[in-house]
Amino acid sequence: PPAPAADLAGAASDVAVFAKMELPIPAALPPLKPTFLIGTGYCREAGEEHDTFESWADCSAAYACVAECQESAACVAVAWAATPQTPHDGCKDAGKPRCVRYWTRSGQLASHSDRGAREYRCTSMYPPLPAPP
């Protein structure tokens, strides 16, 4: 995975991104590209094959989480939680949010969420595809 981007403090002028993710709206950072809310929980892929995503997580703020994903076309979605309930990556114990970025090598996109981790919001960098049957 790429090195973490500097954690950007402040706010973004792209109100729609943060409203869709149900996040506080920052002010004064460069606008982000549009994103698409998929649902509550960790992101899951569309298509016939499962578990094709590679993921990388850290304790990034919401803006940095999305901004870093948007730097690579292979990063197709993020799941972000303001208050993670599990101790993964030390974020909960540090009192920080948690960001999970999803990369694809197969070309699959996020189509739904697993709803298991209800504190996360899965947000796609691409328009959603229909969920598999």
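Just above sits the structure.
Given the structure is predicted, the values throughout are model-derived calculations rather than measurements.

**Student:** Can you walk me through the nonpolar core in this structure?
**Tutor:** Buried together is how nonpolar side chains tend to be arranged in soluble globular proteins. Y42, C43, A79, V100, Y102, A110 and Y120 are the most contacted members of the largest nonpolar core, which has 16 residues in total. Ranked by residues supplied to this core, first place goes to strand β6 (residues 75–81) with 4 residues. For Y102, the residues in contact, after removing those within four places along its chain, are Y42, C43, R44, F53, E54, S55, A74, C75, V76, A77, V78 and A79. If you look at the next biggest cluster of nonpolar residues, it comprises 15 residues, including L29, V66, V78 and C99.

**Student:** For this particular structure, what's the right way to read the packing of aromatic side chains?
**Tutor:** Given two aromatic rings, their pairing is described by the distance between the two centres and the angle made by the two planes. Throughout the structure, instances matching the rule amount to 3 aromatic pairs. Arranged with centres 4.7 Å apart and planes meeting at 35°, the rings of Y42 and Y120 form a pair that is tilted. Here Y120 lies in the loop between β8 (110–113) and β9 (121–124) and Y42 lies in the loop between β3 (36–40) and β4 (43–45), a separation of 78 residues in the sequence. For the pair shown, Y42 and Y120 are each scored as buried. A ring pair is formed by W56 and W103, whose centres lie 6.2 Å apart and whose planes are at 55°; its orientation type is tilted. Here W103 lies in strand β7 (residues 98–104) and W56 lies in strand β5 (residues 53–58), a separation of 47 residues in the sequence. We classify W103 as buried; its relative accessible area is 14%.

**Student:** Please clarify how unusual backbone geometry should be interpreted in this entry.
**Tutor:** Comment: phi is negative for the bulk of residues other than glycine, and the bulk of peptide bonds are trans. Phi is positive for D89, close to 60°, though the residue is something other than glycine. Along the chain, the position of D89 falls in the loop between β6 and α3 (91–94). For D89, a relative accessible area of 45% corresponds to the partly exposed category.

So, how was this worked out
- Residues numbered from 1 in each chain as written.
- Predicted model: local features only at pLDDT ≥ 70, side-chain atom pairs only at ≥ 80, totals over all residues.
- Heavy atoms only, no water.
- Core = buried A, V, L, I, M, F, W, Y, C linked by side-chain atoms within 4.5 Å.
- Buried < 20%, exposed > 50% of the residue type's maximum accessible area, 1.4 Å probe, protein only.
- Helix = DSSP H or I, 4+ residues; strand = E, 2+ residues; numbered from the N terminus.
- Contact = heavy atoms within 4.5 Å.
- Phe/Tyr/Trp six-rings, centres within 6.5 Å; stacked < 30°, edge-to-face > 60°.

Note that every value here comes from positions in space, so none of it alone points to a role or purpose.
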